[in-house]
Amino acid sequence: MITSKTNAEDPPLRGRIWIDLDNTPHVPFFAPIIKELKRKGFDILLTARDCAQTCGMADLYQMKYRRIGRHYGKNTLIKVAGTIVRASQLSRKIIHPKPILALSHGSRAQLVAATLLRIPSMVIMDYEHAKALVNPDWVMMPEVIASDSVRFAQEKILRYPGIKEDVYVPDFNPDSAIRAELGVREKDILVTIRPPADQAHYHNPESEKLFTGVVDRLVGIPDVRIVILPRNDGQKETVKRNWSGLFSEGKIKIPEQVVDGLNLLWYSDLVISGGGTMNREAAALGVPVYSIFRGKMGDVDRYLSKAGRLIMIGCPEDIREKLKVTKRSIPAQINGLNRITLHTVVDNIQSVIMGGK
């Protein structure tokens, strides 16, 4: 373990933690965790997969990372092969100095590489139905996920309060300029939509039908402006092809550059997503949010739904009956948020490293 320090005021370096950014949402999630771990004296080695907007978001956050590997599409066999290829690429890069912990929010390639390199591993997860090629040494998850929902030994599970979005939402500072930058007028109803994750193992084609149905309904409502955030170039081209005329009218817009997702959600009047993170971010911000996710529901979404913070759209009839398209009063700032979730996550990581778990 490294014990030297750069000056008298810096804490001693307590070892290197390897964090792998496997997907776009992992960037804002790990940003405050990295800051806290560095403050506690840990060195951070950061890698990122060239997938969706992961690297672009990491650049936006001014992170120093190594770009290693890419996404291999939706075919299951090719996806598994791609995971093994990336694990091999990671293994060749992550050797000296050897990390004391491999940490991710579900990076399958990192888990394989850590196993090969005999590096202790921890996966933070908030969807209990996710699958991996190998099991990590420790798992951290929200308290709302039931113990009988997971396949891991209970002594290897750590918990944190709230949801993962509570880790980084308290750091958010609104910037009202985003609506003008997107060409959205004050009187307009701004709807932000994230299409379903069509390349994920949990994808259900019903989500795509709901996505189409939602957009078709919204484009017929006056003063509605839609911002769509495709997950990949294929989705982007499909959206432009299906609603080509509405782009020239300004009814639908796809941002050309990576945008601050939390800021976009905060200044939206409602949010609709076919995945998990954006729905939960909106719920954490208190923005009206609808889910068109049709995979197996996780305990976190079930918890938010029961609390009235997330509305599930399960069929075309729900689009007509449940979707309320109205302007909302947007507060000047977020109030009442605390950092207990962040501190618990960091304390759990430190506890494992120090042998407390």
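In this numbering scheme, every chain counts its residues from 1 along its sequence in written order. Whole-chain, interface and lining totals are the exception, using all residues; otherwise, since this is a predicted model, local features are given only for residues with pLDDT of at least 70 and side-chain atom pairs are given and counted only at 80 or more. Note that the side-chain values use all heavy atoms of the structure and ignore hydrogens as well as water.

J.: Just give me the short version of the overall build of the protein, but keep the residues and values in it.
T.: Strands are runs of DSSP state E lasting at least 2 residues, helices are runs of H or I lasting at least 4, and numbering of each runs from the N terminus. Within the protein, the secondary structure is distributed over 13 helices and 13 strands. Between the two quantities, the radius of gyration covers C-alpha atoms and the globule rule is 2.2 Å times the number of residues to the power 0.38. Taking 21 Å as the expected radius of gyration for a compact globule of 357 residues, we find that the protein reaches 21 Å, a close match to that expectation. Of all 357 residues assigned to the protein, the portion counted as buried reaches 50%. Contacts are residue-level and defined by heavy atoms, with any inter-residue pair within 4.5 Å sufficient. Pairs at least 24 residues apart make up 63% of the contacts formed inside the protein by residues separated by at least 6 positions. Shrake-Rupley sampling with a 1.4 Å probe provides the accessible areas, and residues are treated as covered by the protein chains on show and by no other component. For the protein, the accessible area works out to roughly 16,500 Å², and carbon and sulfur atoms hold 50% of it. Under this rule, positive means Lys or Arg and negative means Asp or Glu; His and the chain ends count for nothing. The atom standing in for a charge is NZ when the residue is Lys, CZ when it is Arg, CG when it is Asp and CD when it is Glu. Within the protein, one finds 51 positive and 39 negative side-chain charges whose respective centroids are separated by 4 Å. Burial classification: accessible surface area is computed with a 1.4 Å probe over protein chains only, and a residue below 20% of its type maximum counts as buried, one above 50% as exposed, and the rest as partly exposed.

J.: An account of the sheet that holds strand 3 (residues 66-70) is requested, with residue identities and associated values reported.
T.: Spatially, the seven strands line up as an open sheet ordered 3-2-1-4-5-6-7, and their pairing is parallel. Two strands lie at the open edges of the sheet, namely strand 3 and strand 7 (157-160), each paired on one side alone. Averaged over all adjacent pairs, the angle separating strand axes in this sheet is 25°, with direction ignored. To define axes, lines are fitted to C-alpha atoms, for helices over the stretch in contact only, and angles between the resulting N-to-C directions are given on a 0 to 180 degree scale. Along the sheet, helix 1 (residues 26-39) contacts strand 1 (16-21), strand 2 (43-50), strand 4 (101-104) and strand 5 (121-124); its crossing angle with strand 1, the most-contacted strand, is approximately 170°. This element, helix 3 (residues 76-93), spans strand 1, strand 2 and strand 3 of the sheet and lies at about 155° to strand 3. Between any two strands, at least two bridges found by DSSP are needed for them to pair.

J.: Could you give an account of the packing of aromatic side chains, naming the residues involved and the relevant values?
T.: Geometry of aromatic contacts follows a simple scheme: Phe, Tyr and Trp rings, the Trp one being its six-membered ring, pair when their centres are within 6.5 Å, and the pair is stacked under 30 degrees between planes, edge-to-face over 60, tilted otherwise. Under the definition given, this model contains four aromatic pairs. Look at Phe-172 and Trp-266: their rings are 6.2 Å apart centre to centre, the planes differ by 65°, and that puts the pair in the edge-to-face class. Highlighted residues: Phe-172 in the loop between strand 7 and helix 5 (177-181) and Trp-266 in helix 9 (residues 261-266), separated in sequence by 94 residues. Accessibility expressed as a relative area gives 3% for Trp-266, which makes it buried. Between Phe-211 and Trp-243, the ring centres sit 5.9 Å apart and the planes meet at 85°, which makes this aromatic pair edge-to-face.

J.: An account of the packing of helix 3 against helix 4 (residues 108-117) is requested, with residue identities and associated values reported.
T.: Across the interface, helix 3 lies against helix 4 with an axial gap of 8 Å and an inter-helix angle of 50°. What the angle tells us is that helix 3 and helix 4 run oblique. Viewed along their axes, helix 3 and helix 4 form a crossing whose handedness is right-handed. Residues Thr-83, Arg-86, Ala-87, Leu-90 and Ser-91 of helix 3 lie in contact with helix 4, whose contacting residues are Arg-108, Ala-109, Gln-110, Val-112, Ala-113, Leu-116 and Leu-117. Ten residues, namely Ala, Val, Leu, Ile, Met, Phe, Trp, Tyr, Cys and Pro, are considered nonpolar, four, namely Asp, Glu, Lys and Arg, are considered charged, and the remaining ones, Gly among them, are considered polar. Tallied by class, the residues present in the contact of helix 3 with helix 4 amount to seven nonpolar, three polar and two charged. An angle below 35 degrees is read as roughly parallel, one above 145 as roughly antiparallel, one from 65 to 115 as roughly perpendicular, and any other as oblique. Each helix crossing is assigned a hand: it is left-handed if the near helix lies turned anticlockwise from the far helix by less than a right angle, otherwise right-handed if that turn is clockwise.

J.: Residues and numbers for the pairing of strand 5, please.
T.: Burial along strand 5 is two-sided: Ser-121 and Val-123 facing one way and Met-122 and Ile-124 facing the other are all buried. Two strands pair when backbone bridges link them, and strand 4 and strand 5 are joined in this way by three bridges, in the parallel orientation. Residue pairing for strand 5: Leu-103 is matched across the bridge by Met-122. Once you follow strand 4 into helix 4 and on to strand 5, the crossover reads as right-handed. Sheet topology note: the strand 5/strand 6 (residues 138-142) ladder contains three bridges and is parallel. Among the inter-strand pairings, Val-123 is bridged to a residue of strand 6, identified as Val-139. Look down the strands so they point away from you; if the path from the first strand over the helix to the second goes clockwise, the crossover is right-handed.

J.: Would you mind going over helix 11 (residues 299-306) in detail, with residue names and values included?
T.: Along helix 11, the positions that sit buried rather than exposed are Asp-299, Val-300, Asp-301 and Leu-304. Looking one or two residues beyond helix 11, the residue adopting positive phi is Gly-308, at roughly 80°.

J.: So what about the packing of helix 1 against helix 13 (residues 340-353)? Which residues, and what values?
T.: It is the contact of helix 1 with helix 13, at a shortest axis distance of 10 Å, that shows an interaxial angle of 55°. With respect to helix 13, the element helix 1 is oriented oblique. Handedness of the crossing formed by helix 1 with helix 13: right-handed. Of the residues in helix 13, those touching helix 1 at Pro-32, Ile-33, Glu-36 and Leu-37 are Leu-342, His-343, Val-345, Val-346 and Ile-349. Class assignment of the residues belonging to the contact of helix 1 with helix 13 gives a composition of seven nonpolar, one polar and one charged.

J.: I'd like to hear about the confidence of the model for the protein, residue by residue, with values.
T.: The quantity known as pLDDT measures the predictor's confidence residue by residue, on a range of 0 to 100. Residues of the protein with pLDDT of at least 70 account for 95%, and the chain-wide mean is 91. For residues 1-9, every residue scores under 50 in pLDDT, and the model assigns this stretch 12 contacts once sequence neighbours within four places are set aside.

J.: Could you give me a rundown of the pattern of salt bridges, with the residues and numbers involved?
T.: Opposite charge on two side chains lets them pair, provided their charged atoms get close. One speaks of a salt bridge when a side-chain nitrogen belonging to Lys or Arg is within 4 Å of a carboxyl oxygen belonging to Asp or Glu. Under the definition given, this model contains 20 salt bridges. In this structure, the salt-bridge partner of Arg-86 is Asp-20, at a minimum N-O distance of 2.8 Å. Here Arg-86 is found in helix 3, whereas its partner Asp-20 is found in strand 1, with 66 residues between them in sequence. Residue class for Arg-86 comes out buried when judged on its relative accessible area of 2%. Look at Asp-20 and you get buried, because its relative accessible area is 0%. The closest approach of N and O atoms between Lys-322 and Asp-318, which form a salt bridge, is 3.8 Å. One continuous salt-bridge network, built from bridges that share partners, spans Asp-126, Lys-164, Glu-165, Arg-280 and Asp-301.

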